[in-house]
Amino acid sequence: MAKDKKSKAPKGRSVEAVAPIAPPSWPPFKPSLPVSDLHAETLVESKIVVFRNFWPRNLCRDYVSFLKTLPLVTTPGKPKRGEAVRVNDRFQIDDPSFAQRLWLETGLKDAILDSSVSSLWGGDVVGLNPNIRVYRYSKGQYFDCHYDDSNNLTLSPTTDAPPPQQQQQPSSLAAKTTWTLLLYLTSASDGCLGGDTVFYRRDRPLASEAVAVSPETGMLLLHKHGDDCMLHEGREVTAGEKWVLRTDLCVRR
């Protein structure tokens, strides 16, 4: 997809200034994850994949209760030039430890590296972006049409496997983000109405070409970002609250 096409639509800010505060004490993953085998379901070939039942409903409920205690900040009603209109409450923290827990303790690593999908991610996946974002969309809040950028970053090496014999463990790892990862914590069954994440097959929001993904409690949605990102939006929530955890897949560069 050519970049000049995307200059006509705002981009979502994939990396922003992170508040200099200590990471929160995230609740444990109980019951132990995964609770069932994770199977990738393709919604748009090479662009959108979901893993249903990534988290069980009770864990999602526990996390929503915890996330409500965080110092959420409401985004400005008037965006900066070149940015999409986004109206929600959010919390953002740089937390490599929690990113590694999500990667190693949930079954996600095995699911992502499975041979059936491993070729999708644009390289050798080495973990998750430590920039963890929490989104709450209440009634009337939404995220207008935008694209997600790819970003370069430096990761600390994971500790799930020892380095090759006689090879020193690197102090850092050059990586880039390739796919956005969204974990939905609420859905219609929790009183959240509206809030679909809607993708458009071409660079214009035509209803006839829309691929709408309704929030589903515990579902993981991954979509390709960067130059091949599909135009997408978070539609207005009409009742209840839509809670989302956001990070990104990182590949070696």
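Everything below is about the structure shown above.
These figures come from a predicted structure and were not determined experimentally.

Comments concerning the nonpolar core
Working step 1: One finds Trp55 and Leu185 to be the most contacted residues of the largest nonpolar core, which totals 42 residues.
Working step 2: Counting residues per element, this core draws most heavily on helix α2 (residues 57–67), which supplies six residues.
Working step 3: If we ignore the near neighbours within four places in the chain, the residues touching Leu185 are Trp55, Cys60, Tyr63, Val64, Leu67, Asp190, Thr217, Trp243 and Leu245.
Working step 4: Grouped together as the second largest cluster of nonpolar side chains are 18 residues, Tyr135, Tyr137, Leu221 and Met230 included.

A closer look at the side chain of Thr177
Working step 1: Mapped onto the elements, Thr177 comes out in strand β11 (residues 173–184).
Working step 2: The contacts of Thr177, once residues within four sequence positions are left out, are Asn129, Asp149, Ser150, Asn151, Leu153, His225, Asp248, Leu249 and Cys250.

Quick look at the pairing of strand β3 (residues 48–51)
Working step 1: Burial along β3 is two-sided: Ile48 and Val50 facing one way and Val49 and Phe51 facing the other are all buried.
Working step 2: Looking at chain direction, strand β2 (residues 40–44) and β3 are connected through four bridges and run antiparallel. Bridge pairing in β3 places Glu41 opposite Val50.
Working step 3: The antiparallel hairpin formed by β2 and β3 contains three residues in its connecting segment, where Ser46 sits at a positive phi of about 65°.
Working step 4: Relative to strand β15 (residues 220–224), β3 runs antiparallel, the two sharing four bridges. Its bridge partner being in β15, Val50 is matched across the sheet by Leu221.

A closer look at the environment of Tyr200
Working step 1: Mapped onto the elements, Tyr200 comes out in strand β13 (residues 197–200).
Working step 2: Under the relative-accessibility criterion, Tyr200 is labelled buried at 4%.
Working step 3: Each C-alpha atom, one on Tyr200 and one on Glu233, is 8.9 Å from the other, the two residues being 33 residues apart in sequence.
Working step 4: Apart from residues no more than four positions distant in its own chain, Tyr200 is found in contact with Cys145, Pro205, Leu206, Glu209, Ala210, Met230, Leu231, Glu233 and Arg235.
Working step 5: In terms of polar contacts, Tyr200 uses its side chain to reach the side chain of Glu233, at 2.4 Å.

Things to note about α2
Working step 1: Buried within α2 are the following residues: Leu59, Cys60, Tyr63, Val64, Phe66 and Leu67. On an axial view of α2, the arc spanned by its buried residues comes to 160°, and they lie on one face.
Working step 2: Against the buried residues of α2 lie α3 (96–104), β8 (131–137), β11 and β18 (242–252).

Overview of the packing of aromatic side chains
Working step 1: Within the structure shown, the criterion is met by 12 aromatic pairs.
Working step 2: Their ring planes at 55° and their centres at 6.2 Å tell us that Phe29 and Phe98 sit as a pair that is tilted. One end of the pair, Phe29, is in the loop between β1 (11–12) and β2; the other, Phe98, is in helix α3, and 69 residues separate them in sequence. Taken as a pair, Phe29 and Phe98 share a single burial class, namely buried.
Working step 3: Through a chain of ring-to-ring contacts, three or more aromatic side chains come together here, namely Trp26, Phe29, Phe54, Trp55, Tyr63, Phe66 and Phe98.
Working step 4: Over the ring of Phe29 we find Arg101; its NZ or CZ atom is 4.3 Å from the centre of that ring.

Let's talk about the environment of Phe199
Working step 1: Mapped onto the secondary structure, Phe199 falls in strand β13.
Working step 2: For Phe199, a relative accessible area of 0% gives the class buried.
Working step 3: Considered as a pair, Phe199 and Ala210 are 11 residues apart in the sequence and their alpha carbons are 5.6 Å apart.
Working step 4: Beyond its immediate sequence surroundings of up to four residues, Phe199 is in contact with Ile48, Glu209, Ala210, Val211, Val213, Leu221, His223, Met230, Leu231 and His232.

Some points on unusual backbone geometry
Working step 1: Residue Pro31 is bonded to the preceding Lys30 through a cis peptide linkage, with omega at 0°.
Working step 2: With respect to the helices and strands, the residue Pro31 is situated in the loop between β1 and β2.
Working step 3: A cis amide bond links Leu33 to the next residue, Pro34, at an omega of -5°.
Working step 4: The residue Pro34 is located in the loop between β1 and β2 in this model.

Rules of the game
- Numbers given for residues are sequential positions, taken from 1 along each chain in its written order.
- For this predicted model, a pLDDT threshold of at least 70 governs which residues receive local features, and a threshold of 80 or more governs which side-chain atom pairs are given and counted, while totals over whole chains, interfaces and linings are taken from all residues.
- Side-chain figures throughout are based on the complete set of non-hydrogen atoms in the structure, without hydrogens or water.
- Here, nonpolar core refers to any group of buried Ala, Val, Leu, Ile, Met, Phe, Trp, Tyr and Cys residues whose side-chain atoms link them within 4.5 Å.
- Partly exposed residues are those whose accessible area sits between 20% and 50% of the maximum for their type, while under 20% is buried and over 50% is exposed, using a 1.4 Å probe and protein chains only.
- Note on conventions: DSSP H or I runs of at least 4 residues are helices, E runs of at least 2 residues are strands, and numbering of each starts at the N terminus.
- When checking whether two residues touch, look at their non-hydrogen atoms; a contact exists if any pair is within 4.5 Å.
- Should DSSP find at least two bridges between two strands, the strands are regarded as paired.
- Two N or O atoms count as a polar contact when they lie within 3.5 Å, although within protein this holds only if one can serve as hydrogen donor and the other as acceptor, and sequence-adjacent residues are included solely when both atoms are side-chain atoms.
- Working definition: the arc comes from the directions between the helix axis and the C-beta atoms, pointing outward to the latter.
- Any Phe, Tyr or Trp ring, taking Trp's six-membered ring, that has another such ring centre within 6.5 Å forms a pair; planes under 30 degrees apart are called stacked, those over 60 apart edge-to-face, and the others tilted.
- Any Lys NZ or Arg CZ found within 6 Å of a ring centre and within 35 degrees of that ring's normal is scored as a charge over the ring.

Function cannot be read off these values alone, since they describe shape.
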